[in-house]
Amino acid sequence: MKNKASDNLQDLQYFGEYGGVNPSISDSSTYTFLSAKTMFDTFEGNTEGCYLYTRHSSPSNLYLGEALAALEGTETANVTASGMGAISAVIMQLCDSDDHIVSSRTIYGGTYAFMKNFLKKFNIKTSFVDITKVESVEKAITSKTKMIYCESVSNPLLEIADLEALSKLAKKHGIPLVVDNTFSPLSISPAKLGAEIVIHSLTKFINGTSDCVAGVVCSTTDFCLGLKDVNNGAGMLLGSTLDSLRAASILKNMRTLHIRMKKHSENAQYLAQNFEKDGLRVVYPGLKSHPGHETIKRLMNHEYGYGGLLTIDVGSLENANALMELMQKKKLGYLAVSLGFYKTLFSAPGTSTSSEIPLEEQEEMGLTDGLIRFSIGLDNDIHRTYEIMKECMFELNILNSKASAL
Ligand SMILES: *Cc1c(COP(=O)(O)O)cnc(C)c1O
């Protein structure tokens, strides 16, 4: 499948006030009107191209939004102050009290906690299902279901959602498919596969410098205007607005996203293949052994590879902790949550990012104690990284010399 997203992004030109090669940063919370009538119309949502108040929109946020819409191939996009700011606003916009959500059970811990705990306040219930079984997704849909929710590549188990099949199912039932595409920007284009709403935590790959949190909702003009509605828009009223200065810096970082994604994928593929050969239990969508390998091959834009995330199960939490500490000491990366940084980041999801999920449910979904999630960095010489990682594993007896003979 040919993906034009990079070309569309590259062709987007914004100039600064004095012809600068970057757009000027909007440095105001409020905007003047020449006529009182225009101000009234803007409040009523009738005036295109007028800025009212920065919680509603700002030029810098609109520039970044348009770039993200070009990335995902949607009509438009609203940027938010965090990924959770995007997710919570979309859910609150689509659901009334007593409504129902069908969601993948392997999703970001914060999203899981929001659905399972926070939405109780509104008696909104979520059925958590195995997203790779489309028939069980359909079975969970009721007359009160307002959306099917999933991640293209799930956190932290890297399950692949068949977005083509799920969007067909959603259309059949007249509900939107909402996809969190944080793990796979450029490599998967959910809107082209039929998703109506695409969300990102910009905090991760898209910004790529681990210096801020931000999010986005990419969708139709109707839905995005609805989110911004001054009378009942969840984006406008819950108030998770991105600061204009940050929007400007994220836009500049986005300009190198295609190069970074290719390198993250190339490095992760190399490590996954080699550690699998060494006899370790590796989960990576680019491996033939991955249960979703054929699905992602069918859905993806091949030039960007299978992404930068992989997991290795090293048998026990003790092993995982010792290995992560040793790898950090050897400067292979940082023991830290999050992803998409130039440096490799690793964490044990059971005790960190997925700790919101009760232990017995973690077991059911295959989230074991010894699992380490890696966000592979932009290392120039990945073979050298592999050799040093292997030394760490020998030192801790995670790999034995028998495996090294392979
Ligand atoms: C990090 C993350 C989020 C939450 O984003 P924030 O920017 O931290 O609010 C949501 N979904 C996924 C898949 C994530 O990795």
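The rules we used
Residues numbered from 1 in each chain as written. Predicted model: local features only at pLDDT ≥ 70, side-chain atom pairs only at ≥ 80, totals over all residues. Heavy atoms only, no water. Near = heavy atom within 4 Å. Polar contact = N/O pair within 3.5 Å; in protein donor to acceptor, adjacent residues only side chain to side chain. Areas by Shrake-Rupley, 256 points an atom, 1.4 Å probe, with all protein chains shown as cover. Helix = DSSP H or I, 4+ residues; strand = E, 2+ residues; numbered from the N terminus. Nonpolar A, V, L, I, M, F, W, Y, C, P; charged D, E, K, R; others polar. Pairing = 2+ DSSP bridges. Axes fitted to C-alpha atoms, helices over the stretch in contact; angles between N-to-C directions. 1 Å grid on protein atoms, 1.4 Å probe; cavity = no way out; pocket = protein on both sides within 12 Å on 5 of 7 lines; lining within 4 Å. Points joined across faces, edges and corners; volume = space filled by probe spheres on them. Domains from an automatic or database assignment. Contact = heavy atoms within 4.5 Å. Salt bridge = Lys/Arg side-chain N within 4 Å of Asp/Glu carboxyl O.

Some remarks on the site of the ligand
- Surveying the vicinity of the ligand reveals 13 residues, the closest of which are Met84, Asp180, Ser201, Thr203 and Lys204.
- A distance of 2.8 Å separates an oxygen atom of the ligand from a polar atom in the backbone of Gly83.
- A distance of 2.7 Å separates an oxygen atom of the ligand from a polar side-chain atom of Lys204.
- Surface burial for the ligand is 92%, taken as the share of its 380 Å² of free accessible area covered by protein chains.
- With three residues, helix H4 (residues 83–94) is the largest single contributor of residues to the shell around the ligand.
- When grouped by side-chain class, the residues that make up the shell around the ligand number five nonpolar, five polar and three charged.

Here we look at the sheet that holds strand E4 (residues 145–151)
- Overall, mixed pairing links the seven strands, which are arranged E1-E7-E6-E5-E4-E2-E3 in an open sheet. The two strands at the open ends of the sheet, each matched to only one other strand, are strand E1 (76–80) and strand E3 (125–129). Each strand axis lies, on average, 20 degrees off the axis of its neighbour in the sheet, ignoring direction.
- Strand direction decides the pairing type here: E1 and strand E7 (residues 215–219), joined by five bridges, are antiparallel. By the bridge assignment, Asn78 is partnered in E7 with Val217.

Some remarks on the layout of surface pockets
- Of the pockets and cavities examined, the second largest pocket occupies roughly 470 Å³.
- If you list the elements that add at least two residues to the lining of the second largest pocket, you get strand E8 (281–283) and strand E9 (309–313).
- No other element matches E8, which puts three residues into the lining of the second largest pocket.
- Residues belonging to the lining of the second largest pocket are distributed by class as follows: seven nonpolar, eight polar and five charged.
- Both of domain 1 (5–254) and domain 2 (258–405) provide at least three residues apiece to the lining of the second largest pocket.

Describing the domain arrangement of the chain
- The domain architecture assigned to the chain consists of domain 1 (5–254) and domain 2 (258–405).
- Placing a centre on the C-alpha atoms of domain 1 and another on those of domain 2 gives a separation of 28 Å.
- At the interface, 36 residues of domain 1 touch 38 residues of domain 2.
- At the surface where domain 1 touches domain 2, the tally comes to two salt bridges.
- Viewed at the interface, domain 2 and domain 1 are joined by eleven residue pairs in polar contact (both at pLDDT 80 or more).
- Among the secondary structure elements, those contributing two or more residues to the side of domain 1 that touches domain 2 are helix H5 (109–116), helix H7 (163–172) and helix H10 (244–254).
- The greatest single-element share of the side of domain 1 that touches domain 2, amounting to five residues, is contributed by H5.
- Class assignment for the residues of the side of domain 1 that touches domain 2 results in 18 nonpolar, 13 polar and five charged.

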